[in-house]
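Reading the structure
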Amino acid sequence: MIQNALSVLIKFFIGAVAVGALLNAFDISAEQVLQDIGFTPEAVIAFVREGFGWALPHFLLGAMVLIPIWLIIFLLKPPSFRG
């Protein structure tokens with residue numbers, strides 16, 4: 001599962017670099033694309049910060065509930081004997 005996710009991320013990274021290099025060859029920059037759709041790099045950074053600012057407290061609250069539940073289930077699970 002983790003290997004599949006890592007493989008997908010590596011393929012995405014390579015594809016993004018290839019497309020970025022191709023667009024750069026045609027003198028198309030990220031700033032131009034953002035301006036064409038009505039964003040600025042600063043607005044995108046602010047949007048990402050607001051997203052993290054919203055998600056982090058919710059993530060921590062969920063983790064404070066899920067980790068003890070997981071721990072209880074883990075401790076109460078009968079041992080498995082593999083031979």
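Cut-offs applied
Residues numbered from 1 in each chain as written. Predicted model: local features only at pLDDT ≥ 70, side-chain atom pairs only at ≥ 80, totals over all residues. Heavy atoms only, no water. Helix = DSSP H or I, 4+ residues; strand = E, 2+ residues; numbered from the N terminus. Rg over C-alpha atoms; globule rule 2.2 N^0.38 Å. Buried < 20%, exposed > 50% of the residue type's maximum accessible area, 1.4 Å probe, protein only. Areas by Shrake-Rupley, 256 points an atom, 1.4 Å probe, with all protein chains shown as cover. Lys, Arg positive; Asp, Glu negative; His and termini not counted. Charge placed at Lys NZ, Arg CZ, Asp CG, Glu CD. Phe/Tyr/Trp six-rings, centres within 6.5 Å; stacked < 30°, edge-to-face > 60°. Expected span 1.5 Å × (residues − 1). Bend = angle between axes of the 7 residues up to and from the residue.

On to the overall build of the chain. When helices and strands are tallied, the chain shows three helices and zero strands. Ordered by position from N to C terminus, the α and β elements of the chain give α-α-α. Rg of the C-alpha trace for the chain: 22 Å, well past the compact-globule value of 12 Å for 83 residues, more than 25% over. When the backbone C-alpha atoms are referred to their principal axes, the chain occupies close to 60 × 35 × 10 Å. Going through the 83 residues of the chain one by one, you find that 1% of them count as buried. Just so you have it, the chain exposes about 8,100 Å², and 76% of that area is on carbon and sulfur atoms. When the 4 positive and 5 negative side-chain charges of the chain are each reduced to one mean point, those points stand 33 Å apart.

Take the packing of aromatic side chains next. Taken as a whole and assessed by the stated rule, the structure comprises one aromatic pair. Seen in terms of ring centroids, Trp 70 and Phe 74 are 5.4 Å apart; in terms of plane orientation they differ by 15°. Their pairing is stacked. One end of the pair is Trp 70 and the other is Phe 74, both in helix H3 (residues 41-76) and four residues apart, which spans about a single turn. For Phe 74, a relative accessible area of 45% translates into the label partly exposed.

One turn of the α-helix equals 3.6 residues, which is why residues spaced by three or four share an orientation. Taking 1.5 Å as the rise per residue, helix H1 (residues 2-25) with 24 residues should run 34 Å; its terminal C-alpha atoms sit 35 Å apart, in good agreement. By the criterion of burial, H1 is predominantly exposed, with just zero of the 24 residues buried. Following H1 by one or two positions, Asp 27 adopts a phi angle in the positive range, close to 60°.

With 36 residues, H3 extends 50 Å between its outermost C-alpha atoms, agreeing within 8% with the 52 Å of an ideal straight helix rising 1.5 Å per residue. Along H3, the sharpest kink reaches roughly 25°, centred on Ala 63.

A word on unusual backbone geometry. One non-glycine residue, Asp 27, adopts positive backbone phi at about 60°. Looking at where Asp 27 falls in the secondary structure, it is placed in the loop between H1 and helix H2 (30-36). By relative accessible area, which is 63% here, Asp 27 ends up exposed.

Position of Ala 30 relative to the elements: it lies in helix H2. Residues Ala 30 and Gly 20, spaced ten residues apart in sequence, show a C-alpha to C-alpha distance of 8.7 Å.

Just geometry here; none of it tells us what the structure is for.
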